[in-house]
Amino acid sequence: MSKTSKKPTNDFCPQTLFLYGTYDDEGRADFGLFCWFSYIWDGELGVMACFGGSKLTKENIHRRKVFSANLVTEKLLPLADYLGNTPGHSPEKMKLDIETEEGRVLPVPVLTASPVNYELEVKQFIPLKDGEVMLCSIRNVLQDDALVKEEVGSPEKLAAIAPVHTTCSRYFSWDGKNMGAWGEPMADLAKKP
Ligand SMILES: Cc1cc2nc3c(=O)[nH]c(=O)nc-3n(C[C@H](O)[C@H](O)[C@H](O)COP(=O)(O)O)c2cc1C
């Protein structure tokens, strides 16, 4: 296989998307879209999350040390794209009808329509030059009841919830179909009555 050297890029390496839920200093829920999310092991499963630059989600986590991470599915994509392309400091951002509930273990806003939700507590902040990595313990995982049914296999369950992937600045469906460039799917949100 002949290959070409490139500058740092994660093109062609799909990632899973999550909406991080936090409360601001007045107790209002904020959600932002994130993909620099992965897992760590330290005697038990944990999570690492990387933030680039400044954003409301990061400020809120610094204040409260907790957040939720809500799996993004195809159904949630227009909303997720909007939340990833609208800064939390814009007063209009959260003037939307989003159904949320309180975490079962931590005081975090959880997105009801997302089938998998993590309740995360930051154990270590690792500041970098411009970004920051946070190492988190998973204090609770909420899964839609349909995902815990033993008589249905995981391939069928995954196909039913259809998590979205991202790479090459685009979104892809669970079965690999193009779902648009970053910033495009949110146009469908505006079309809803
Ligand atoms: C597809 C996609 C993935 C993103 N992933 C991250 C990420 O992993 N880390 C990050 O710092 N910002 C990421 N962002 C940017 C944030 O979603 C964006 O800054 C958002 O406005 C944050 O919302 P907030 O200001 O309410 O915190 C991503 C944006 C998009 C569109």
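Relevant structure appears above.
No experiment lies behind these values; they were computed from the predicted model shown. (Residues numbered from 1 in each chain as written. Predicted model: local features only at pLDDT ≥ 70, side-chain atom pairs only at ≥ 80, totals over all residues. Heavy atoms only, no water.)

## Quick word on the pairing of strand β13 (residues 178–181)
- Pairing geometry for strand β12 (residues 170–172) and β13, over 2 bridges, is antiparallel. Residue pairing in the sheet places F172 in a bridge with N178 of β13.
- Hairpin connection from β12 to β13: 5 residues lie between these consecutive antiparallel strands, with G176 at a positive phi of about 90 degrees. (Pairing = 2+ DSSP bridges. Helix = DSSP H or I, 4+ residues; strand = E, 2+ residues; numbered from the N terminus.)

## Topic: the site of the ligand
- Inspection of the region around the ligand gives 23 residues, with D30, L33, W36, T57 and G88 positioned closest.
- Residue D30 places a side-chain N or O atom 2.6 Å away from an oxygen atom belonging to the ligand.
- In the environment of the ligand, an oxygen atom lies 2.8 Å from a nitrogen or oxygen atom belonging to the backbone of G52.
- Contact with the protein chains hides 90% of the accessible area of the ligand, taken as 650 Å² for the molecule alone.
- Elements with a minimum of two residues in the shell around the ligand: β3 (29–34), β5 (45–52), α1 (56–64) and α2 (77–84). (Near = heavy atom within 4 Å. Polar contact = N/O pair within 3.5 Å; in protein donor to acceptor, adjacent residues only side chain to side chain. Areas by Shrake-Rupley, 256 points an atom, 1.4 Å probe, with all protein chains shown as cover.)

## Considerations on the packing of aromatic side chains
- Going through the model one piece at a time under the given rule, you end up with 10 aromatic pairs.
- Centre to centre, the rings of F37 and Y118 are 5.8 Å apart; their planes meet at 40 degrees, and the pair counts as tilted. Linking F37 in strand β4 (residues 37–41) with Y118 in strand β9 (residues 116–127), this pair joins segments that are 81 residues apart in sequence. Pair check on accessibility: F37 and Y118 agree, each one buried.
- Three or more aromatic residues joined by ring pairs make a cluster, and in this case those are F18, Y20, F34, F37, Y39, F51, F67 and Y118. (Phe/Tyr/Trp six-rings, centres within 6.5 Å; stacked < 30°, edge-to-face > 60°. Buried < 20%, exposed > 50% of the residue type's maximum accessible area, 1.4 Å probe, protein only.)

## Regarding the sheet that holds β9
- Within the open sheet, the 7 strands sit side by side as β3-β2-β6-β9-β10-β5-β4. Their pairing is antiparallel. Each end of this open sheet is capped by a strand with a single partner; those strands are β3 and β4. Between one strand axis and the next, the sheet turns by 35 degrees as a mean value, whatever way the strands run.
- With 5 bridges connecting them, strand β6 (residues 66–71) and β9 associate as antiparallel partners. Bridge assignment links A69 to a residue of β9, and that residue is Y118.
- α1 contacts β2 (18–23), β3, β5, β6, β9 and β10 (131–143) of the sheet and is inclined by roughly 50 degrees relative to β2. (Axes fitted to C-alpha atoms, helices over the stretch in contact; angles between N-to-C directions. Contact = heavy atoms within 4.5 Å.)

## Some words on a nonpolar patch on the surface
- Residues Y39, W41 and L45 make up a contiguous nonpolar surface patch of about 360 Å² in total accessible area.
- Position of W41 relative to the elements: it lies in strand β4. (Patch = residues over 30% accessible without salt bridge, like charges linked within 9 Å, V, L, I, M, F, W, Y side chains within 5 Å. Salt bridge = Lys/Arg side-chain N within 4 Å of Asp/Glu carboxyl O.)

## What about the side chain of K58?
- Considering the arrangement of structural elements, one finds K58 in helix α1.
- Under the relative-accessibility criterion, K58 is labelled buried at 13%.
- Excluding anything up to four places from it in sequence, K58 contacts F51, G53, D130, E132 and M134.

## Side note on the state of the cysteines
- Applying the stated criterion across every chain, the model contains 0 disulfides.
- The closest cysteine sulfur to the non-disulfide-bonded C168 is located on C13, 8.5 Å from its own sulfur. (Disulfide = S-S within 2.5 Å.)

## Topic: α1
- Of all the positions in α1, only L56, T57, K58, N60 and I61 are classed as buried.
- Check the buried side of α1 and you find it contacts β2, β3, β5, β6, β9 and β10.
- Looking one or two residues past α1, K65 carries a phi angle of roughly 65 degrees, positive in sign.

## Quick word on the sheet that holds β13
- Sheet architecture is open: 4 strands sit in the order β1-β11-β12-β13, paired in antiparallel fashion. The outermost strands of the open sheet, each flanked by one partner alone, are β1 (15–16) and β13.
- Pairing of β1 with strand β11 (residues 165–167) involves 2 bridges; the strand directions are antiparallel. From the neighbouring strand, T16 faces β11, where its bridge partner is H165.

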